[in-house]
Amino acid sequence: MSRGLNTWKEIITQPETWRRTLASFDASHPALADFLEGADFDHIVVVGCGSTHYLAQTAAATLAHCAGRPARAAPASELWLFPETCLNGKTLLLTISRSGTTTETLRALEQFRKVNHGPVVAITCYPESALAQQADFALLAPDAQEESIAQTRSFTSMTLLALGLAALLARDEGMVKRLQRLPAALEDLVGRMGDLPRRLGEDEGFERLFFLGGGPLYGLACEAMLKTKEMSLSQAEAYHPLEFRHGPMSMVNGRTLVVGFLSDTGLAEEVRVLRDMQNLGARVLAFAEDAAAFSDWRPDYTVELRSGLSEWERGPLYLVPIQHLAYHRALMKGLDPDRPTHLTAVVEL
């Protein structure tokens, strides 16, 4: 079998997988709305491990913004081992796991049950998993199941479910409907960006990559960092955009690629950071909803999303080009994206 065949299939099938995942969400919509209406909680805690911890960061930011309730993300192991640092009053626990069998996530749920009587919602790709069965309500993405170890379509599909949950908690039916635009927006994006991700992935001139994102995009920047490390064993780090000036930019040189996931809220300041890094010698890849963001400055490379969606709704689109980049970088280095070094699909203790 060719190297990376499963990973490639899982990356390129995301538009159809997203359509099926959104259809699954629509089917569960009435029951979920009823469940949330009867749930008693003041705070939201979102937990996961690895990729799903980064998904939890994006979910928590979006839930706090859209639903107007305090929300925070934590690694599942923190809730399991240090529950007092995570819980505060009546809490809804949102647990996220691709497999639904990750030991730390299951132990976090068990610990939560011991110290809190709040509701538990799970997001997973496996309906029969322990996590799905033990939660009070499960949001499912079975069409996003993967053969590969590194998460690609599972991550983005579970992100869609988290966005749908935020929309329902906010009672924002408009957002629920707008999420349906994402599969077509991804198809358009992939068609327009051409071979840019492959060219950047195969560029041996980069020694390290930095991913910058703020607000709902910080968790996605972290996931982009992780995907680049897992697949291609490349040096990669993630930061909030303005934090990058506070030390990390000392690593910037002509062999650096700085990737900016640009928001709407922080756009002007985030663009200023990217411009400064370019002036220090880095090459810059900027993701923006509209290229008009670069009216008086040009990044070296641009990915224009053109989704018509807000920063709280378009998040999954940022990740797919980076998945392409990481995949091609792995092949360029003679690695197999299907089998990242030292990793397994599920961590069971």
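Sequence positions are assigned chain by chain, starting from 1 and proceeding in written order. Residue-level local features of this predicted model are given only where pLDDT is at least 70; pairs of side-chain atoms are given and counted only at 80 or more, and the full residue set underlies all totals for whole chains, interfaces and linings. Side-chain metrics in this entry use all non-hydrogen atoms of the structure; hydrogen atoms and water are not considered.

1. What about the sheet that holds strand β3 (residues 91-96)?
Each pair of strands is called paired provided DSSP finds at least two bridges between the two strands. The secondary structure listing takes helices from DSSP runs of H or I that are at least 4 residues long and strands from runs of E that are at least 2 residues long, numbered from the N terminus. Strand order across the open sheet formed by five strands is β2-β1-β3-β4-β5, with parallel pairing between neighbours. With one partner strand each, in any of the chains shown, β2 (71-75) and β5 (137-140) form the two edges of the open sheet. Strand-to-strand twist of the sheet, defined as the mean angle between neighbouring strand axes without regard to direction, takes the value 20 degrees. Pairing between β3 and strand β4 (residues 120-124): four bridges, direction parallel. Across the sheet, L94 pairs through a bridge with V121, a residue of β4. In what follows, a contact means two residues having at least one pair of non-hydrogen atoms within 4.5 Å. Interaxial angle, 0 to 180 degrees, is taken between N-to-C directions of lines fitted to C-alpha atoms, where a helix line uses only the stretch in contact. Its contacts with the sheet put helix α2 (residues 14-38) on β3, β4 and β5, and the angle it makes with β5 is roughly 160 degrees.

2. A few points about helix α11 (residues 218-232)
Helix span, expected: 1.5 Å multiplied by one less than the number of residues in the helix. Compared with the 21 Å implied by 1.5 Å per residue over 15 residues, the 21 Å span of α11 between its first and last C-alpha is a close match. Judged by how many residues are buried, α11 sits mostly within the fold: 14 of 15 residues are covered. Backbone geometry just after α11 places L233 at a positive phi near 50 degrees. Three exposure classes are used, based on accessible area relative to the maximum for each residue type with a 1.4 Å probe and protein chains only: buried under 20%, partly exposed in between, and exposed over 50%.

3. Section: the sheet that holds strand β9 (residues 283-288)
Taken in spatial order, the five strands of this open sheet run β7-β6-β8-β9-β10, and their pairing is parallel. At either margin of the open sheet sits one strand with a lone partner, and together these are β7 (235-239) and β10 (301-304). Within the sheet, the average angular offset between the axes of one strand and its neighbour, ignoring direction, is 15 degrees. In this structure, strand β6 (residues 208-213) lies alongside β7, joined through five bridges in parallel fashion. Each residue of the ladder has a partner; that of R208, found in β7, is Q235. The strands touched by α11 within the sheet are β6, β7 and β8 (256-261), with β7 carrying the most contacts at an inclination of about 175 degrees.

4. Structural notes on the side chain of S129
With respect to the element layout, S129 can be found in the loop between β4 and α6 (130-134). A relative accessible area of 5% means that S129 is categorised as buried. Looking at S129, its side chain comes within polar contact range of the main-chain oxygen of Y126, at 2.8 Å. Setting aside its immediate chain neighbours within four residues, S129 contacts S99, G100, T101 and T124. Identification of polar contacts relies on pairs of N or O atoms within 3.5 Å, with a donor-acceptor requirement for protein atoms, meaning one able to donate a hydrogen and the other able to accept it, and with residues adjacent in sequence counted only if both atoms are side-chain atoms.

5. A short note on the environment of A56
Relative to the helices and strands, A56 is located in helix α3 (residues 51-67). With near-sequence residues (within four places) excluded, A56 lies in contact with V46, V47, G48, A73 and I96.

6. Things to note about the pattern of salt bridges
A pair can form between side chains of opposite charge whenever their charged atoms are brought close. Note on definitions: salt bridges are taken to be side-chain nitrogens of Lys or Arg within 4 Å of carboxyl oxygens of Asp or Glu. Per the stated rule, a full pass over the model turns up 23 salt bridges. Between R19 and E187 there is a salt bridge, with the nearest N and O atoms lying 2.9 Å from each other. With a gap of 168 residues between them, R19 in helix α2 and E187 in helix α9 (residues 182-193) connect regions that are remote in the sequence. With a relative accessible area of 40%, E187 lands in the partly exposed category. Linked by salt bridges that have partners in common, D195, R198, R199 and E202 make up one network.

7. Some thoughts on the packing of aromatic side chains
Only the six-membered ring of Trp is used, alongside the rings of Phe and Tyr, when aromatic pairs are assigned; centres must lie within 6.5 Å, and planes under 30 degrees apart are stacked while those over 60 apart are edge-to-face, with the rest tilted. This structure, assessed with the given rule, holds nine aromatic pairs. Between F35 and F137, the ring centres sit 5.6 Å apart and the planes meet at 35 degrees, which makes this aromatic pair tilted. Taken as a pair, F35 in helix α2 and F137 in strand β5 lie far apart in primary sequence, 102 residues in all. With centroids separated by 5.2 Å and ring planes inclined at 50 degrees, the aromatic side chains of F261 and Y318 adopt a geometry described as tilted. With a gap of 57 residues between them, F261 in strand β8 and Y318 in helix α13 (residues 316-332) connect regions that are remote in the sequence.

8. Digging into unusual backbone geometry
Even without being a glycine, L233 presents a positive backbone phi close to 50 degrees. On the secondary structure map, L233 appears in the loop between α11 and β7. Judged by its relative accessible area of 47%, L233 is partly exposed. In this structure, R306 is a non-glycine residue whose phi angle is positive, near 55 degrees. Following the sequence through the fold, R306 ends up in the loop between β10 and α13.

9. A look at the nonpolar core
Side-chain atoms within 4.5 Å are what join buried Ala, Val, Leu, Ile, Met, Phe, Trp, Tyr and Cys residues into a set we call a nonpolar core. By size, the foremost hydrophobic cluster in this structure holds 74 residues, and its most contacted members are V46, L94, L139, F211, F261, L285 and F287. A total of 11 residues in this core trace back to one element, the largest contributor, which is helix α7 (residues 153-169). Discounting residues that sit within four places of it in the chain, V46 has contacts with A56, A59, A60, L63, R72, A73, A74, L94 and I96.

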